[in-house]
Structures are given as structure tokens and as C-alpha cells.
Amino acid sequence: MPHPYVLLSAAVSLDGRLDDTGPERLLLSGPADFDRVDEVRADSDAILVGAGTLRADNPRLLVNSAERRAARVAAGRPAYPLKVTVSGTGDLDPTANFWSTGGEKVVYTSDEGAVTAAEALRGLGVDVVSVGPGLDWRAVLTHLHDVRGVRRLMVEGGGRVHTQLLQQGLADELQLALAPLVVGQPHAPKLFGSGAYPGGPRSRMRLIETRPVGDVVLMRYVPTAPGTGPVPSAADHRWLELACELAAECPPSRTAFSVGAVVVAADGTELARGYSRESDPVSHAEEAALAKIAPGDPRLPGATVYSSLEPCARRASRPAPCARLILDAGVRRVVTAWREPDTFVAAADGNGLLAAAGADVVVLPEHESAAKAPNRHLN
Ligand SMILES: NC(=O)c1ccc[n+]([C@@H]2O[C@H](COP(=O)([O-])OP(=O)(O)OC[C@H]3O[C@@H](n4cnc5c(N)ncnc54)[C@H](OP(=O)(O)O)[C@@H]3O)[C@@H](O)[C@H]2O)c1
Ligand SMILES: [Zn+2]
């Protein structure tokens, strides 16, 4: 199910806090950073905050710059991004600033919360959407994508919302503004709460930018840990994109596909990458990547192989097809973009071979056109 690109945004103290325990909201950013946030909002299709933040801060969540709103309208978009909140209970104050400012609003809630929310928000034109008995984040993101057309979602907290999205592998990017102050209160709201995170505490995110903005430092990170089992994570999409990019490196051939592959450990460490015909005229991408990892590497059983094309099930050029090589290496999870067409081998079913051996095979068809791009000449 396609999701929007999910960007978690927060300002955080040096001790990892989002606020202090006082009744007034603690301002962590300065004017330059508020302006940067305004720009990120203007680039987003929707802005989401949890009901806890609505109750604590009574935010407006607007694009404040008239020029940025005008640019959105000139591009055929609404002046303001869609405003989204999530509430299990439906306990929402209809007089809050969130409802009376900006453009369209939607509340995602539970079956039970929907009754309370609909009652409280009656007459305000707010879309109240129940996503089942509990708040299922995947259902929220799928609805935003498919029904509201949201492609880029900015999440502005609070801690409980950020924690769940990161723990469930649903965050594509983190943008943190590190403020030069220490809150120093043990019960002040934390950016991330305790619990299990994908890849565990040794999983390192990829740092993609740091930039001073006034007296805060903007840090941008991309989570790297693969999903677990059949459930894809946002990081799975990023790794599969890389595999599709690697396919473009292949020396062209009229008799074989151009394919890229990446092998990634459970903690998000890249173990190897490869592409077709990288090492010799008949090598396949998965084979080229796996050949770079020592056999018996203890990280292989927990690793994921990303391949732009379904691993081959039969091949003339080598004794073992790639699906077999993957299983023999001990890997039990494969993410791929494109099922193998009948161009060279009829009814190849590498995914079936992998699944029959107990491996999880995840197909992400959103990337199929990127996987096909370096193979257009084979049509
Ligand atoms: N520094 C920053 O950048 C920043 C940004 C935003 C917020 N904050 C701070 O963060 C604090 C608020 O954070 P918070 O963690 O209390 O609140 P929050 O994350 O904004 O919202 C939590 C609420 O969202 C709903 N919710 C979230 N996940 C749910 C689930 N799985 N099932 C059902 N309901 C779910 C629940 O609403 P119901 O209770 O209605 O069911 C829950 O109480 C405030 O102090 C605020 O100032 C700071
Ligand atoms: Zn192969």
C-alpha cells in the first residue's frame, strides 16, 4: 500500500526534550528556524500533530508567509496544507485554533473515538475518519495517500506520535532542530520514548544534512533499518531505490537484464552492493553483491537482499540461480520491485522458490518503473 513520504519534524533540547513541564509552551527554536519550518510546511501536502499537542499547545499550523501561500496557489495547490490530527478517544476541543484557521482538516480516530469526535466537531466541516478499533498508522497513511492525495506528510509531534511512527518503521526522514538549552526535568516530554526501534539500539541512521539556523542546528537523518518479515519499512523503499539506481550502472546487454542489488544487515548496515555484469559478462546483481560478503557472516541470516528484479529461478550461465544463492547464503528476506517477465526464461518464479523455502518476499511495485528503466531496450 503506497504511503506518503513521512517527515518527522521537531525542535529538541540538548537533553532530548520537546518541552518543559510548565503550562506555557517552551520555545526551543528561534525566528530563523520558525521560518525554515514555515518553508517545510509550504512544501508539504499535509501537516499532522497528535491530539496531545493540540491540547498542550493549541497550535495553528499554518503557512505564515504570504509569498509561500501564493506560490502554492500558483502551482495549483491549496494555499494551506491539509491539517491532520490523530486521537484515539476523540476528545477534541472544537474551539481550538487548529479548527478555525487554515484550510481542510481531517481527524483519524478509532471506531469509538469517531462518535465523540463527530459530536464535538459537528458543523465545522472536519472529516472524521475511523480506521478501526485502534489507531492503525498504516491505515492512516494509506488513507492519506489514496483518498486525500497526500504525497508528502510533515509530522510536527508530539513525542508519542514521533515514537510510534519511528518504531513502526514508517518515518522516511527526521528533521531535528537542536536548541542550545537544557530542560533538566525528568518528566518533561521526550522526543522519543522507550520501546523497541527497528534495527535495535545499534542501528545508525544516515546523516544527510547539518546546518546552523540562527542558534539552533538542523540535523536531517534517514532511518536505515529494513522492515521485519513481510512488513515493509520506509527504509525498505530507500534501499530498493538504491538497487534500482545501481541497475543503471550495468554494462548494456541485448541478452540479459540490467539489475541492481544491495544486501543490508538488520541494523541497517550495508553489507554489499552489486549490479549485473559487474565482475564478468554473465554475473547477476545479487550474485555480485553476495560474492563480496564472507560466507558464514553472522549478519546474513538477519539480512535483507534488495534486488530491482525478482531473483532468477533458473539460469543457463551458472549452476545455481540467484534465488538459490540467496538461500544458501542464509538470507531469509528479499525485497524486489519487478516480477521477472518472460523475456528470457518462461514462467520464472524466483519469488516462489524463495517463499517455498521460508523466506519473506516483499514486492514494492511503486518502484517497478525505476527497475524497468535501464531495460527499455529489451522490449
Ligand atoms: N518541540 C517540538 O517540536 C514539539 C512539537 C510538538 C509537540 N511538542 C510537545 O509535545 C507534547 C505533546 O506530546 P504528546 O506525546 O503528549 O502528544 P502527541 O504525540 O501530540 O499526541 C498523543 C495523542 O495522540 C493520540 N494518539 C497517538 N497515537 C495513538 C494511537 N496509537 N492510538 C490512539 N491514539 C493515539 C492520542 O490522543 P487521545 O488522547 O485524544 O486519544 C494521544 O493522547 C507537548 O508538551 C508539546 O509542547 C513539542
Ligand atoms: Zn540471477
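Residues numbered from 1 in each chain as written. Chains lettered and ligands numbered in written order. Predicted model: local features only at pLDDT ≥ 70, side-chain atom pairs only at ≥ 80, totals over all residues. Heavy atoms only, no water.

## A short note on the side chain of serine 110
Within the element layout of this structure, serine 110 appears in the loop between β4 (105-109) and α5 (111-120). On the accessibility criterion, serine 110 (6% relative accessible area) is buried. Within the structure, the side chain of serine 110 is placed 3.0 Å from the backbone nitrogen of glycine 113, a separation counted as a polar contact. In this structure, serine 110 is in contact with Ser87, Gly88, Ser130, Gly132, Pro133 and Gly134, ignoring residues within four places of it in sequence. (Helix = DSSP H or I, 4+ residues; strand = E, 2+ residues; numbered from the N terminus. Buried < 20%, exposed > 50% of the residue type's maximum accessible area, 1.4 Å probe, protein only. Polar contact = N/O pair within 3.5 Å; in protein donor to acceptor, adjacent residues only side chain to side chain. Contact = heavy atoms within 4.5 Å.)

## Some words on the sheet that holds strand β13 (residues 333-338)
Taken in spatial order, the five strands line up as β11-β10-β12-β13-β14 in an open sheet, and their pairing is mixed. What marks the edges here is a single partner per strand, and that holds for β11 (270-275) and β14 (360-363). Recorded for the sheet is a direction-independent mean angle of 15° between the axes of neighbouring strands. Pairing of strand β10 (residues 260-264) with strand β12 (residues 304-309), which is carried by four bridges, proceeds in the antiparallel orientation. Across the sheet, the residue bridging to valine 263 is valine 305, located in β12. (Pairing = 2+ DSSP bridges. Axes fitted to C-alpha atoms, helices over the stretch in contact; angles between N-to-C directions.)

## Quick look at the domain arrangement of the chain
What the domain assignment reports for the chain is domain 1 (5-223) and domain 2 (234-378). If you average the C-alpha positions of domain 1 and of domain 2, the two centres end up 36 Å apart. If you look at the interface, domain 1 gives twelve residues, while domain 2 gives six residues. The salt bridge involving aspartate 172 is made with arginine 238; its shortest N-O contact spans 2.2 Å. At the boundary of domain 1 and domain 2, one finds three residue pairs in polar contact (both at pLDDT 80 or more). (Domains from an automatic or database assignment. Salt bridge = Lys/Arg side-chain N within 4 Å of Asp/Glu carboxyl O.)

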